[in-house]
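For reference, the chains in residue letters:
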Amino acid sequence: MTPINAIDGAALLDEVEAFHRRFNVFPTEDAYVAVTLWDAHAHLIECFETTPRIAFLSPEPGSGKSRALEIVELLTPRPVSTVSASANALYRLVDSAAGLPTVLFDEVDTIFGPKAGADEALRGFLNAGYRRTTGALRCVGEGSNQNAQIFNSYCAVAMAGLGSLPDTVLTRSVIVRMRKRAPNEKVEPYRQRIHEKQGHVLRDRLAKWADSVREQVTDAWPEMPEGVTDRPADVWEPLLAVADAAGGDWPTRARTACLELVNAAHDNDESSLGVRLLTDLRDKVFCGADRVPTAVILEMLLALEDAPWGDVDDKPLNSRMLAKLLGQYVTPNNKPIKPRGIRTPSGFPKGYYADDLTDAWTRYCPPPPGESATSATSATPQVSGGESVADTATVIRHTPAETATQPTLAG
């Protein structure tokens, strides 16, 4: 039987969402759901194996990222806001007796942006602290009197910044892509001396509700939406557990938001320039061909509209970049993918074989498009007679007999 004074979790989350809506304009309804659930999960972090980071990102300043962090700060336990911190300081903060903090990083682009250089120690903190079972081994002491000590790094982290984040951080995050408000989008002016107290009232109620569902959430195994597996499932499991504990329409809204935001993250995933390359090779270049010269691959990739190949590290994709990107992946024989010789009527140029790429295509690429996709070979002439690879943008097919006698370089 439900206690008379029990807090209605669904109604409380409704109030938290409404509080965000007063001051934040998020890009989608799903973002309000995700942020609200993230606020609540921070009060239950000890119940979970993982804690997703939440990242408010935008291409331009003035998009409401810092305001979003300010509201999150009011609603989460033991918040610590910073725009600059060393990894060692954060490890000690998390390991203190005061309890797990909620770390809020503003202007995170100054730490990880293209002009900031790599901060591997801080990146390590963010990555390790995503999972409860990991920590950092540090030496503690003075001079030669040093002792090894493991520092905990598991804590809730919210970030805001321009541009993007390192791939390893992005994949551990719920991503909210902020944008400037349109003229018809209005928010209430935020006044800390007034609204801080209101936010703290909600925070304290969230803490009280969290205490009432802690056992339920600890034992929860929330059902994932179809297709959400691996890292995205790890990211969303705590948020779905919170939604299930709250009840009402939150379980349904949470799973809808999960699917939408996971799919949106994939659509915007620059991590996988390699995956984009593999997918374009499969769907736009090879299209069933068994080998393609490097010159042809580059010509076809550079001709694709809305593709990144014309500007990779400020210059068009070339054979060296192509080899470097594909060399990250391996053949079915577990050897790095490398260009090999391809016999043509006019020479023996380097190129790539479908057999070397098939394992990477299977493991990393999304499902192939429908059978209606046009084969690249139907749009380009085949190499035959005395045609030169340099003269003709083509993919090359060989019969089994030709393949059997075809000399190759070691791959």
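This one's a predicted model, so the numbers in the text were calculated from it and none came from an experiment. (Residues numbered from 1 in each chain as written. Predicted model: local features only at pLDDT ≥ 70, side-chain atom pairs only at ≥ 80, totals over all residues. Heavy atoms only, no water.)

Some points on the packing of aromatic side chains
Okay, step 1: One pass over the full model with this rule turns up seven aromatic pairs.
Okay, step 2: Taking 4.8 Å as the distance between ring centres and 45° as the angle between the ring planes, the aromatic pair formed by Phe26 and Tyr32 counts as tilted. The residues Phe26 and Tyr32 share a single accessibility class, namely buried.
Okay, step 3: Aromatic pair Tyr91 and Phe125: ring centres 5.3 Å apart, planes at 80°, arrangement edge-to-face. Residue Tyr91 is found in helix 4 (residues 87-94), and its partner Phe125 is found in helix 6 (residues 120-128); the two are separated by 34 residues along the sequence. Like Tyr91, the residue Phe125 is buried in the burial classification.
Okay, step 4: By way of ring pairs, the aromatic residues Phe19, Phe23 and Tyr190 are connected into one cluster.
Okay, step 5: In this structure, Arg253 is placed above the aromatic ring of Trp250, and the distance from its NZ or CZ to the ring centre is 4.8 Å.
Okay, step 6: Here the basic side chain of Arg340 rests over the ring of Tyr353, its NZ or CZ set 4.0 Å away from the ring centre. (Phe/Tyr/Trp six-rings, centres within 6.5 Å; stacked < 30°, edge-to-face > 60°. Buried < 20%, exposed > 50% of the residue type's maximum accessible area, 1.4 Å probe, protein only. Helix = DSSP H or I, 4+ residues; strand = E, 2+ residues; numbered from the N terminus. Lys NZ or Arg CZ within 6 Å of the ring centre and 35° of its normal.)

Digging into the packing of helix 11 (residues 273-286) against helix 13 (residues 319-326)
Okay, step 1: Helix 13 packs onto helix 11 with a crossing angle of 105° between their chain directions and a minimal axis gap of 10 Å. Here helix 13 runs roughly perpendicular to helix 11, going by the angle between their axes. In this structure, helix 11 contributes Leu273, Leu277, Leu278 and Leu281 to the contact, and helix 13 contributes Leu322, Leu325 and Leu326.
Okay, step 2: Partitioning the contact of helix 11 with helix 13 into residue classes produces seven nonpolar, no polar and no charged. (Axes fitted to C-alpha atoms, helices over the stretch in contact; angles between N-to-C directions. Parallel < 35°, antiparallel > 145°, perpendicular 65-115°, else oblique. Contact = heavy atoms within 4.5 Å. Nonpolar A, V, L, I, M, F, W, Y, C, P; charged D, E, K, R; others polar.)

Details of the pattern of salt bridges
Okay, step 1: Per the stated rule, a full pass over the model turns up 16 salt bridges.
Okay, step 2: Asp204 serves as the salt-bridge partner of Arg203, at 3.2 Å between the closest nitrogen and oxygen.
Okay, step 3: Looking at Arg203, the relative accessible area reads 21%, which means it is partly exposed.
Okay, step 4: Residue Asp204 is classed as partly exposed on the basis of its relative accessible area of 44%. (Salt bridge = Lys/Arg side-chain N within 4 Å of Asp/Glu carboxyl O.)

With respect to the packing of helix 8 (residues 192-218) against helix 9 (residues 230-246)
Okay, step 1: Packing of helix 8 against helix 9 leaves a shortest axis separation of 10 Å and a crossing angle of 110°. For the element pair helix 8 / helix 9, the angle class is roughly perpendicular. As helix 8 runs across helix 9, the sense of the crossing is right-handed. Counted together, Trp209, Val213, Gln216 and Val217 of helix 8 and Ala241, Val242, Asp244, Ala245 and Ala246 of helix 9 form the full contact between these two elements.
Okay, step 2: Among the residues making up the contact of helix 8 with helix 9, the classes are represented as seven nonpolar, one polar and one charged. (Left-handed = near helix turned anticlockwise from the far one by under 90°.)

A closer look at the sheet that holds strand 6 (residues 156-162)
Okay, step 1: Ordered in space as 2-3-6-1-7, the five strands form an open sheet in which the pairing is parallel. Of all strands in the sheet, those bounded by a partner on one side alone are strand 2 (79-82) and strand 7 (173-177). Put simply, the sheet's adjacent strands are angled 15° from each other on average, direction ignored. (Pairing = 2+ DSSP bridges.)

A look at the environment of Arg92
Okay, step 1: You can see Arg92 is positioned in helix 4.
Okay, step 2: Overall, the relative accessible area of 39% leaves Arg92 in the partly exposed class.
Okay, step 3: Sequence spacing of Arg92 and Asn152 is 60 residues, and the spatial spacing of their C-alpha atoms is 8.1 Å.

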